[in-house]
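Overview (structure and organization)
Now for the letters of each chain:
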Amino acid sequence: MSAAREAVLGRVRSALADVTPTPEPVVPPITSALSAAPEGHVLDVFVERVEDYKAVVEQVDAEGLAAHLATLFEPGQRVVVPAGLPAELAAAVPVAVTEDDGPLTAAELDAVDAVVTLAAVGVAETGTIVLDHSAGQGRRALSLVPDRHVCVVRADQVVADVPEAVARLAGAVSAGAPLTWISGPSATSDIELDRVEGVHGPRTLHVLLVAADTVGPVS
Amino acid sequence: MSGTFVGMPVFPTAARAALGDTQLRHNLAHATGVIRAKRAKLVDEVEAAHAAGAPGGWEDLRLAGAAVKQRALDDLAGQLELLEESLTKAGAVVHWARDAAEANAIVARVAKSHGADEVVKVKSMVTQEIGLNEALEAEGIAAWETDLAELIVQLADDLPSHILVPAIHRNRAEVREIFLRRMKDVGRPAPADLTDEPKVLAAAAREHLREKFLRAKVGVSGANFAVAETGTLVVVESEGNGRMCLTLPEVLVSVVGIEKVVPTFAELDPLLRLLPRSSTGERMNPYTSTWSGVTPGDGPQEVHVVLLDNGRTNALADQVGRQALRCIRCSACLNVCPVYERAGGHAYGSVYPGPIGAILNPLLKGTGEKQTDSLPYASSLCGACFEACPVRIDIPEVLVHLRTKVVDGHRGDFPPKAEAVAMKGAAWAFSDASRLGLVEKASGLSGRVLGRLSKSAFPGGRPTAGRLAGPAVAWTGARDLPAPPAESFRQWWARTDGGTRPDSTATPSSTTTEGETR
Ligand code: SF4
């Protein structure tokens, strides 16, 4: 064990000699009215809040999803499809780019037009989608480097607020998964506080909210 | 590469210089006003939900946020050991650093072991605190700031002036000029037809930095939170530069102050709700990344975490001051501070400006040095910072406590230096009576009225105003109004003629009219 470690921990212990720790975790309050609202209302607010960030949101039937997805791209556009994305969705993009033959380099990813992923959770109160990067969502770079991110969220994945989201994601985090919380396209307000959508992350976020729970990852 | 704060003049001197800079004052007033209004709207939204039936309101959320951070700090040794264990299990290499030099040496060693002569950096207060960029530069390693504002500051060889928007002191025309002049020296040049539209400027930054992201071998970050239970680090950001730095390099080094620990993943929840609302005035920031050590096949396959003390255990040993370690660096206290709004961040001579800087710097560095000793006086004790703080740090209480320490440290000086410094600061800060009057009105009620109504106390013993009848009901219900001192600064100022007349009367003047209910 390093000398620095012992020194820092020693100083912490002596600084806290007068303090008794609290063993019980804090139970945070529910602060969203949506936590007790009917599902339909929660979904409406989710759509409204995602749109607030200048993202595109569309509600689509599960049966019509693949056909609709196909209309979102220009002919010839190259679209990354992560492992585990349902086959009918992968088949709907003009040119599917996969990682079947090994990972794409950052430069290769920079040369594709878009990415299509599934999601783990949607948060209505904050208009957030969360990826846990399991099957169908791709490793983190896939939904970062391409300039357009099309994200398929199922209605049953949408929760009221952050407490519910954290509860749903706890298992994935305990299992070591990284998370990416996405609220709209990347943005900056660094110059005179003028909001600009689109800096380093995808400049366009396109959310497809699917009414049924039939779209799942392929493992 | 970038300037340092070493040798900064004491606060009143630096502040007076800043006051002469009308551009700076204009930019700051605009920015703090905009962010303040956005934050207030979201706090009201939470309150409205509470009124409509949600079990908790903004104050409950603040209490939860404060409790989570306090719980971690109260058991800090145990939490740090748990964090180390979880990180190690998750494949990260954990380092400990007593001070800036040790932390910088660790980062340099990791970069060198991969033959890297450059690193890409996520905006991080702690790496500024330890002067990492300069230390790496001395080792022949270029550290590229990738946050737009930090990039502006770095290219201009400038100092950040605000925690959240470090280039708040630069307007669009200046940014254009900096990009045109400097980008070509360090990478992809700015396009010749660059305009001063923020959108165009942001696009130029995207192009300039993208080549650096794509080739970078080593990324350097801080962390907003570190979850002990799961070994999970959290970075909250807007632009996606953080995601780039955390995801694309082969190697990631994160420098994490030991006070960043949160015990469990579930306890991140209130902090994730409080931080974006208090910081940028958004329900949620565009991107939050979490990672636990190494994820096979995803992101950096070599992950280092440097746990840094650098004075934090000094702060922890101060029974009044230790609450400052709850700070989540949201900058809400800066945006409500009348002194900060007029003086700007540079006057504080530290990477931590504003009310939090006025207490954190002396707590981390200790009192006794002239510049640091002047900071606890850079305040009117109006209480707005406490009220805005999402983790309920009683900044005025700590300021008063630190002033006592400063004065104690100067016992025997003649003339009393600390007091002289204090008076100069006060003379500057309160020269504009109407401004201060407004602030006092905003805080609503005079301490004399509140002192009588006080019926509960904050943790830590500070009297509160409780809930008031009449139009102030909603306000105090939401905010737990701290009782201001019985005599307001302005009252005292008028009575003693700015401290030049002897402080003979023990009873406050009853002729002033400020402090009525609004
Ligand atoms: S002291 Fe409170 S308000 Fe100020 S930056 Fe820290 S958390 Fe935010």
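Here goes a summary of the coordinates provided. The structure displayed is predicted, hence computed values, not measured ones.

The subject of this paragraph is unusual backbone geometry. All names here are of chain B. With phi around 45 degrees, N310 is a residue other than glycine that occupies positive phi space. Within the element layout of this structure, N310 appears in the loop between β10 (302-308) and α13 (312-317). Despite not being glycine, S331 has its phi angle at roughly 75 degrees, a positive value. The topology assignment puts S331 in the loop between α13 and α14 (332-335). Residue S331 is classed as buried on the basis of its relative accessible area of 2%.

Take the site of the ligand next. All names here are of chain B. For the ligand, the set of nearby residues contains 13 residues, the closest of which are C327, C330, S331, C333 and C389. Among the detected pockets, the ligand sits in the second largest cavity. A breakdown of the residues in the shell around the ligand according to their chemical character gives 11 nonpolar, 1 polar and 1 charged. Two domains each put at least three residues into the shell around the ligand: domain 1 (1-56 + 336-409) and domain 2 (72-145 + 217-330).

On to the nonpolar core, then. In this structure, W181(A), F179(B) and I359(B) are the most contacted members of the largest nonpolar core, which totals 143 residues. When neighbours within four sequence positions are excluded, I359(B) is seen to be in contact with A324(B), I393(B), I395(B), V398(B), L399(B) and L402(B).

Residue and element names in this part refer to chain A. Residues of strand β9 (residues 179-182) alternate between two faces, with L179 and W181 on one and T180 and I182 on the opposite face, all of them buried. Pairing of strand β6 (residues 128-131) with β9 involves 3 bridges; the strand directions are antiparallel. Bridge pairing links I129 to I182 in β9.

Another point: the packing of helix α6 (residues 162-174) of chain A against helix α12 (residues 268-279) of chain B. One can describe the packing of α6(A) onto α12(B) by two numbers: an axis separation of 9 Å at closest approach and a directional angle of 135 degrees. One element, α6(A), and the other, α12(B), form an angle in the oblique class. α6(A) and α12(B) meet at a crossing whose hand is right-handed. Listed contacts from α12(B) to V162(A), P163(A) and V166(A) of α6(A) are D269(B), L272(B) and R273(B). Its residues placed into classes, the contact of α6(A) with α12(B) shows 4 nonpolar, no polar and 2 charged.

Criteria and thresholds
Residues numbered from 1 in each chain as written. Chains lettered and ligands numbered in written order. Predicted model: local features only at pLDDT ≥ 70, side-chain atom pairs only at ≥ 80, totals over all residues. Heavy atoms only, no water. Helix = DSSP H or I, 4+ residues; strand = E, 2+ residues; numbered from the N terminus. Buried < 20%, exposed > 50% of the residue type's maximum accessible area, 1.4 Å probe, protein only. Near = heavy atom within 4 Å. 1 Å grid on protein atoms, 1.4 Å probe; cavity = no way out; pocket = protein on both sides within 12 Å on 5 of 7 lines; lining within 4 Å. Sits in = over half its atoms within 2 Å of the grid points. Nonpolar A, V, L, I, M, F, W, Y, C, P; charged D, E, K, R; others polar. Domains from an automatic or database assignment. Core = buried A, V, L, I, M, F, W, Y, C linked by side-chain atoms within 4.5 Å. Contact = heavy atoms within 4.5 Å. Pairing = 2+ DSSP bridges. Axes fitted to C-alpha atoms, helices over the stretch in contact; angles between N-to-C directions. Parallel < 35°, antiparallel > 145°, perpendicular 65-115°, else oblique. Left-handed = near helix turned anticlockwise from the far one by under 90°.

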